[in-house]
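So the chains spell out like this:
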Amino acid sequence: MSNSILVCAKLSKIYFDAEAKIQVLKNINLTVNTGELIAIVGNSGSGKSTLLHLLGGLDKPTSGDVMIAGKNINKLSEKEKCRLRNEYLGFVYQFHHLLPEFTALENVGMPLLIRGVQPDIISEKAAHLLDLVGLKNRITHKMSELSGGERQRVAIARALIADPLCVLADEPTGNLDPHNAEKVLQLFIYLQQSLKTSVIMVTHDLTIANRAERVLMLQEGQLLQ
Ligand SMILES: Nc1ncnc2c1ncn2[C@@H]1O[C@H](COP(=O)(O)OP(=O)(O)OP(=O)(O)O)[C@@H](O)[C@H]1O
Ligand SMILES: [Mg+2]
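The present account deals with the structure reproduced in this document.

Near ligand 1 there are 13 residues, and of these Tyr15, Ser44, Lys48, Ser49 and Thr50 occur at the shortest range. Contributions of two or more residues to the shell around ligand 1 are made by β2 (21–33) and α1 (48–55). Per element, the largest residue contribution to the shell around ligand 1 is three residues, and it comes from α1.

Written out as structure tokens, the structure is:
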């Protein structure tokens, strides 16, 4: 069995609009090994979110392939892709995408609810994760009642609840103070070491990036070491 959880080969993305064609990613190759912590840095607009979305199967590349746990995700049906994402990946969106009318606990538990896990098991696990990200006293708050950094931590807990093999996190510490950013990083490192979870995080914070085993820079559509 292969030691890599996620592989992309010759991945390109071109956005077409009325006047222009923007090539955001040019023939990107990346292999993410099991239990590896990778940081991706790059200027605003360099294509970091685009790359993460392609790696997570949330958007289609113009060309190239993404393999997750040995499966080519662009050869799967939408339904199979959703299942693979739910089973293997945890995604922290740059703009969170949490359900505003639901509580922190319900948002975090959603990926397990989709899998049909028993509600009391979900609640217990969701509460534990919320505690780990420092939100023990916010579990019954609705998203609309939480601050930006608190929402971000709810999004991180949600990405982790189904024990993903790989976490794709877009600016997971972007809204956080150094203390809470460190807490999130410690949680990633803990998962990496105890469960061999791979983590790919996009960050603008070089102190955070330098804690990763590999730092890659996205520049002019290419991923540089
Ligand atoms: N749906 C789209 N249609 C056209 N252009 C797009 C689309 N999505 C993104 N772009 C363009 O592609 C480029 C890369 O966007 P992307 O969101 O990946 O950047 P980023 O590196 O994540 O930036 P930031 O650090 O600001 O989040 C940008 O120039 C953006 O304007
Ligand atoms: Mg982005």
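There's more to say after this.
Okay, the environment of glutamate 150 next. Following the sequence through the fold, glutamate 150 ends up in helix α5 (residues 148–160). Residue classification places glutamate 150 among the buried positions, given that 21 C-beta atoms sit within 10 Å. Placed 140 residues apart in sequence, glutamate 150 and lysine 10 show a C-alpha to C-alpha distance of 37 Å. Those residues within four positions of glutamate 150 in sequence are excluded, and the remaining contacts are Leu135 and Arg138.

Sheet topology note: the strand β1 (residues 4–16)/β2 ladder contains nine bridges and is antiparallel. Bridge pairing in β2 places lysine 13 opposite leucine 25. Adjacent in sequence and paired antiparallel, β1 and β2 are bridged by four residues. Relative to strand β4 (residues 63–68), β1 runs antiparallel, the two sharing five bridges. Paired with alanine 9 across the bridge in β4 is aspartate 65.

A separate point is helix α3 (residues 104–115). Within α3 the residues assigned to the buried category are Ala104, Leu105, Glu106, Asn107, Val108, Gly109, Pro111 and Leu112. Lining the buried residues of α3 we find α2 (78–88), α4 (119–132) and α5. Once α3 ends, the next one or two residues include glycine 116, with phi positive near 85 degrees.

With that settled, the discussion passes to the nonpolar core. If you look at the biggest cluster of nonpolar residues, it comprises 65 residues, and the most contacted ones within it are Ile38, Ile40, Leu55, Val108, Leu130, Ala157 and Leu168. Here alanine 157 is in contact with Val108, Leu129, Leu130 and Val133, once residues within four sequence places are set aside.

This next bit is on the sheet that holds strand β5 (residues 71–72). Sheet strands associate in pairs through backbone hydrogen bonding, adopting either a parallel or an antiparallel arrangement. The strand order β2-β1-β4-β5 describes an open sheet built from four strands, whose pairing is antiparallel. The open sheet has two edge strands with one neighbour each: β2 and β5. Where β4 lies against β5, two bridges are found, and the strand directions are antiparallel. The residue bridging methionine 67 from the neighbouring strand is asparagine 72, located in β5. Against the sheet, α1 touches β1, β2 and β4, its axis set at about 125 degrees to β1.

Conventions and cut-offs
Each chain carries its own residue numbering, running from 1 in the direction its sequence is written. Just so you know, chain letters begin at A and ligand numbers begin at 1, following the order they were written in. Only residues with pLDDT of 70 or above have their local features reported here, since the model is predicted, and side-chain atom pairs are shown and tallied only from 80 upward, although totals for entire chains, interfaces and linings are computed over all residues. Any residue whose backbone-placed C-beta atom lies within 6 Å of a molecule or strand is treated as near that molecule or strand. Elements are defined by DSSP. Helices are runs of H or I of four residues or more, strands are runs of E of two residues or more, and each kind is numbered from the N terminus. Buried, partly exposed and exposed are defined by the number of other C-beta atoms within 10 Å of a residue's own C-beta, namely 20 or more, between the two limits, and 12 or fewer respectively, with C-beta atoms placed from the backbone. By the convention adopted here, residues make contact when the C-beta atoms placed from their backbones lie within 7 Å. DSSP calls a pair of strands paired once it identifies at least 2 bridges connecting them. Remark: nonpolar core denotes a set of buried Ala, Val, Leu, Ile, Met, Phe, Trp, Tyr and Cys residues whose joining runs through C-beta atoms within 7 Å. Convention adopted: a line fitted to C-alpha atoms gives each axis, helices being fitted over their contacting stretch, and angles between N-to-C directions are expressed from 0 to 180 degrees.

Remember that the coordinates give geometry; whether it matters functionally is a separate question.
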